[in-house]
Amino acid sequence: MKKFFSLLIGCLILGTVAVEAQTDNVRIINPINPEKNKIDYEVKSRFDKTIELYGFVDYYYAVGVNFIGGKRFNNTFFAGGGIGINISEELGFNLFAQGRSYFTKTRCKPFLALSVGCVLRGEYFGPYVNPEFGVNFHVTQKISTYLTLGWAYYGNSNGQGPQLKLGVTF
């Protein structure tokens, strides 16, 4: 399982680099006005789609994937919703709303995120809360990857603990 998870993360990272290499992003350098040479990573209002892989540690180790869609309102705020599937002792599903606040307008953007929703695992149905801190790195103007560290709370019977996520937004 560890080899599969490592291979999946490697493919996710290398896939974003391959997508970057296949774009026709030709820049003309302007020696007279160097300000025009900068790539603008300011994000306009748009619909973002995200795929996250994550690991969660409590009494057991769980892995999962989240699919998130939402509106990027400007360079500093994102709001959306998602569904997640995770596996540990049994299969679980998360349904949640997520908000993110970015701190900078640069290529590498630290952010805070909060996901709130519900979890269904076996016969248990309860709350799901996941505050996290992460760093988003733009590969291109529209594709970015991020890494977050957070604390996941899956209700009383499912526990709580640290959670590490790797995501791709496009």
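Residues numbered from 1 in each chain as written. Predicted model: local features only at pLDDT ≥ 70, side-chain atom pairs only at ≥ 80, totals over all residues. Heavy atoms only, no water.

> Would you explain the overall build of the protein chain in this entry?
Of the regular secondary structure elements, the protein chain holds one helix and eight strands. Looking at the protein chain as a whole, 39% of its 170 residues are labelled buried. Contacts spanning at least 24 positions in sequence make up 48% of the contacts within the protein chain whose residues lie at least 6 apart. Carbon and sulfur atoms provide 69% of the accessible area of the protein chain, an area that totals close to 9700 Å². (Helix = DSSP H or I, 4+ residues; strand = E, 2+ residues; numbered from the N terminus. Buried < 20%, exposed > 50% of the residue type's maximum accessible area, 1.4 Å probe, protein only. Contact = heavy atoms within 4.5 Å. Areas by Shrake-Rupley, 256 points an atom, 1.4 Å probe, with all protein chains shown as cover.)

> Just checking my understanding: could you explain the nonpolar core for this structure?
The tendency in soluble globular proteins is for nonpolar side chains to be buried as a group. With 15 residues, the main nonpolar core has Phe56, Phe111, Tyr128 and Tyr154 as its most contacted residues. For this core, the secondary structure elements donating two or more residues are strand E1 (46-57), strand E2 (61-72), strand E4 (91-102), strand E5 (108-121) and strand E7 (144-153). Residues within four places of tyrosine 128 in sequence aside, it is in contact with Asn94, Phe96, Ser115, Val116, Gly117, Cys118, Val119, Tyr153, Tyr154, Gln163 and Lys165. (Core = buried A, V, L, I, M, F, W, Y, C linked by side-chain atoms within 4.5 Å.)

> Can you walk me through the side chain of asparagine 136 in this structure?
For asparagine 136, the position within the fold is in strand E6 (residues 124-138). Discounting residues that sit within four places of it in the chain, asparagine 136 has contacts with Tyr102, Arg107, Cys108, Lys109, Phe111, Ser144, Thr145 and Tyr146.

> I tried to follow the pattern of salt bridges on my own but got confused; where do I start?
When their charged atoms lie close together, side chains carrying opposite charge are able to pair. Tallied over the full model, the rule gives four salt bridges. Among the salt bridges present, the one from aspartate 48 reaches arginine 72, with a minimum N-O distance of 3.9 Å. Here aspartate 48 is found in strand E1, whereas its partner arginine 72 is found in strand E2, with 24 residues between them in sequence. In this structure, aspartate 48 and arginine 72 share a single accessibility class: buried. With a shortest N-O distance of 3.5 Å, lysine 165 and glutamate 132 are connected by a salt bridge. With lysine 165 in strand E8 (residues 160-169) and glutamate 132 in strand E6, this pair connects stretches of sequence that are 33 residues apart. Residue lysine 165 is classed as buried on the basis of its relative accessible area, which comes to 0%. (Salt bridge = Lys/Arg side-chain N within 4 Å of Asp/Glu carboxyl O.)

> Can you walk me through the pairing of E5 in this structure?
Regular strands show a simple pattern: their side chains alternate between the two faces of the sheet. In the sheet, E4 pairs with E5 via 11 bridges, with the strands oriented antiparallel. Counterpart to glycine 92 in the pairing with E5 is arginine 121. Connecting E4 to the next strand, E5, in antiparallel fashion are five residues. With 14 bridges joining them, E5 and E6 adopt antiparallel strand pairing. Each bridged residue has a counterpart across the sheet, and for lysine 109 the counterpart in E6 is asparagine 136. From the end of E5 to the start of E6, which pair antiparallel, there are two residues, and glycine 122 there has a positive phi angle of about 65 degrees. (Pairing = 2+ DSSP bridges.)

> Is there a simple way to explain a nonpolar patch on the surface in this structure?
Where nonpolar side chains cluster on the molecular surface, the patch consists of Phe67, Ile83, Ile85, Ile87, Leu91, Phe93, Leu95, Leu120 and Phe125 and spans about 830 Å² of accessible area. Listed by contribution, the elements that provide at least two residues to the nonpolar patch are strand E3 (77-87) and E4. Residue position: phenylalanine 67 is located in strand E2. For phenylalanine 67, a relative accessible area of 39% gives the class partly exposed. (Patch = residues over 30% accessible without salt bridge, like charges linked within 9 Å, V, L, I, M, F, W, Y side chains within 5 Å.)

> Help me out: how do you make sense of the sheet that holds E6 in this one?
Either a parallel or an antiparallel arrangement is found when strands of a sheet pair, and the pairing is made through backbone hydrogen bonds. On the basis of which strands lie adjacent, the closed barrel formed by eight strands has the order E1-E2-E3-E4-E5-E6-E7-E8 and antiparallel pairing. Here the average twist between neighbouring strands, direction ignored, is 25 degrees. Strand direction decides the pairing type here: E2 and E3, joined by 10 bridges, are antiparallel. Looking at the pairing, valine 65 lines up with isoleucine 85 of E3. (Axes fitted to C-alpha atoms, helices over the stretch in contact; angles between N-to-C directions.)

> Is there a simple way to think about the environment of glycine 117 in this case?
Relative to the assigned elements, glycine 117 resides in strand E5. The class for glycine 117 is partly exposed, based on a relative accessible area of 25%. Residues within four places of glycine 117 in sequence aside, it is in contact with Leu95, Phe96, Gly126, Pro127 and Tyr128.

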